[in-house]
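# Structural characterization, general
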Amino acid sequence: MTTKDTLFAAPIEKLGDFTFDESVAEVFPDMIQRSIPGYSNIITAIGMLAERFVTPNSRVYDLGCSRGAATLSARRHIQQPNVHIIGVDNSLPMVERCRQHIAAYHSEIPVDILCEDIRQIPIHNASMVILNFTLQFLPPEDRTALLNNIYQGLNPNGVLVLSEKYRFDEKPINDLLIDLHHQFKRANGYSELEVSQKRTALENVMRTDSIEGQKERLKNLGFSHVSMWFQCFNFGSMIAIK
Ligand SMILES: Nc1ncnc2c1ncn2[C@@H]1O[C@H](C[S@+](CC[C@H]([NH3+])C(=O)[O-])CC(=O)[O-])[C@@H](O)[C@H]1O
Ligand SMILES: O=C(O)C(=O)Cc1ccccc1
């Protein structure tokens with residue numbers, strides 16, 4: 001059912017920028033599980049947070065939903081009536097697989113998966129918004145506007161779950177955490193070549209923020225409570241409550 005990620009296993013002569021194309025969408029569950037430390041714990045916790053924060057008659061947005069792992073975790077745990085989940089991703093190969101995956105599980109809670117840019121969609125009546133490793137792929141200059149749109153669309157006490165790869169201002173710490181992440185990937189079966197080719201492919205498309213900068217931005221937008229709830233190496237997830 002899941003295809004193994006070998007996309008960077010052979011030497012690639014002209015290494016282009018990483019994109020969420022057909023080949024990435026096909027191997028994505030294996031790729032993300034072997035690449036992001038704590039990924040499955042974060043998916044589980046998104047379900048737990050949905051159970052607590054999602055209110056009756058409200059919406060849940062999963063922005064950059066890929067194949068729908070966070071959407072499904074949230075949907076499994078929501079107990080409230082009249083909730084609608086909206087997943088958004090601008091990669092059609094992801095969206096097609098996401099729709100199939102979601103249709104395979106029965107639930108009373110409706111889910112719409114939109115193939116759109118998350119910078120273009122209206123957000124209203126949200127009790128929960130999920131950005132699980134998506135904001136890091138937006139151009140840095142577009143991030144604050146999206147977070148503000150989310151803030152405006154959240155109901156009082158609504159929650160944003162924001163998971164990201166982070167950079168650290170102290171060089172010895174940054175180097176150490178990047179190195180530990182690469183060791184984690186090696187332990188999950190990626191070769192030195194796979195790690196280094198993917199790192200190069202991601203260089204231009206994934207520009208990381210600092211934890212402090214992210215927290216400050218969320219506070220400045222008006223969020224009442226902001227906290228990291230998970231960190232492993234240079235990956236982490238925070239909650240921001242309106
Ligand atoms: N501007 C954009 N508009 C819409 N989608 C976008 C945009 N930019 C990137 N994406 C989409 O954001 C997703 C990021 S992956 C999220 C994992 C998922 N949340 C998970 O919980 O499994 C994270 C990763 O690969 O590290 C991809 O599917 C992109 O197509
Ligand atoms: O693989 C990496 O090095 C990452 O930083 C995480 C990741 C996971 C899936 C797609 C793109 C980046």
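Remember, it's a predicted structure, so these values are computed and weren't measured experimentally. Just so you know, the residues in each chain are numbered from 1, in the order the chain's sequence is written. Think of it this way: whatever chain is written first is A, whatever ligand is written first is 1, and the rest follow in order. pLDDT decides what is reported in this predicted model: residues at 70 or higher carry local features, side-chain atom pairs at 80 or more are listed and counted, and totals for whole chains, interfaces and linings draw on all residues regardless. The side-chain numbers reported here are obtained from all heavy atoms of the structure, hydrogens and water having been left aside.

## A look at the site of ligand 2
We apply this condition: Working definition: residue near molecule or strand if any one of its non-hydrogen atoms lies within 4 Å of it. Two N or O atoms form a polar contact when they lie within 3.5 Å of each other; inside protein one atom must be a possible hydrogen donor and the other a possible acceptor, and for residues adjacent in sequence the pair counts only when both atoms belong to side chains. Each accessible area is a Shrake-Rupley estimate made with a 1.4 Å probe; only the visible protein chains count as cover when residues are assessed. A helix here means a DSSP run of H or I that spans at least four residues, while a strand means a run of E at least two residues long, and both kinds are numbered starting from the N terminus. Ten residues, namely Ala, Val, Leu, Ile, Met, Phe, Trp, Tyr, Cys and Pro, are considered nonpolar, four, namely Asp, Glu, Lys and Arg, are considered charged, and the remaining ones, Gly among them, are considered polar.
Neighbouring ligand 2 are Phe 18, Met 31, Ser 35, Ile 36, Phe 137, Lys 165, His 181, Lys 185, Lys 198, Leu 202, Met 206 and Phe 235. Contacts to ligand 2 include Lys 165, whose side-chain N or O atom sits 2.8 Å from an oxygen atom. Protein coverage of the free-state accessible area of ligand 2, which is 320 Å², stands at 97%. Looking at the shell around ligand 2, the elements that each hand over two or more residues are helix H1 (22-35), helix H6 (171-187) and helix H7 (192-202). Along the lines of polarity and charge, the residues of the shell around ligand 2 split into seven nonpolar, two polar and three charged.

## Some points on the nonpolar core
The condition is simple: By convention a nonpolar core is built from buried Ala, Val, Leu, Ile, Met, Phe, Trp, Tyr and Cys residues, the set being connected through side-chain atoms within 4.5 Å. Each residue is assigned to one of three classes by its accessible area relative to the maximum for its type, calculated with a 1.4 Å probe on protein chains only: buried under 20%, partly exposed between the two thresholds, exposed over 50%. Any two residues whose heavy atoms approach within 4.5 Å at even a single point are treated as in contact.
Core analysis: the largest hydrophobic core is formed by 47 residues, its most contacted members being Phe 18, Ile 46, Val 60, Ile 78 and Met 128. With seven residues, helix H2 (residues 39-53) is the single largest residue contributor to this core. Not counting residues within four places of it along the chain, the set of residues in contact with Val 60 comprises Val 54, Ile 78, Val 83, His 84, Ile 85, Ile 86, Met 128 and Ile 130. In terms of nonpolar packing, the next biggest core, distinct from the first, is built from 30 residues, Tyr 61, Ala 126, Leu 154 and Phe 223 among them.

## Regarding H2
Cut-off, in case you're wondering: Helices are assigned an expected span. That span is 1.5 Å times one less than the residue count.
For H2, built from 15 residues, the straight-helix expectation of 21 Å at 1.5 Å per residue is met to within 8% by its first-to-last C-alpha distance of 21 Å. Among the residues of H2, Tyr 39, Ile 42, Ile 43, Ala 45, Ile 46, Gly 47, Leu 49, Ala 50 and Phe 53 are the ones counted as buried. Where H2 is buried, its residues meet H1, helix H3 (69-77), strand E4 (126-132), strand E5 (154-167), strand E7 (225-232) and strand E8 (235-241).

## Some remarks on the packing of H1 against H6
Worth spelling out the cut-off: Angles run from 0 to 180 degrees between N-to-C directions of axes, and those axes are lines fitted to C-alpha atoms, restricted for helices to the stretch in contact. For classification, angles of less than 35 degrees are called roughly parallel, those exceeding 145 degrees roughly antiparallel, those between 65 and 115 degrees roughly perpendicular, and all remaining angles oblique.
Orientation of H1 relative to H6, taken along the N-to-C sense of each, is 130 degrees, at an axis distance of 8 Å. When the interaxial angle is binned, H1 and H6 end up oblique. Contacts between H1 and H6 involve Gln 33, Arg 34 and Ser 35 on the former and, on the latter, His 181, Phe 184 and Lys 185. When grouped by side-chain class, the residues that make up the contact of H1 with H6 number one nonpolar, three polar and two charged.

## Describing the UniProt feature "domain: Methyltransferase" (unreviewed entry) in the protein chain
Our working rule: UniProt positions are given in the numbering used here, feature names are shortened, and annotations may be inferred rather than shown by experiment.
The sites that carry the UniProt feature "domain: Methyltransferase" (unreviewed entry) are, in the present numbering, residues 60-158. Along residues 60-158, the helical share is 35% and the strand share 25%, with 10 Å between the first and last C-alpha atoms.

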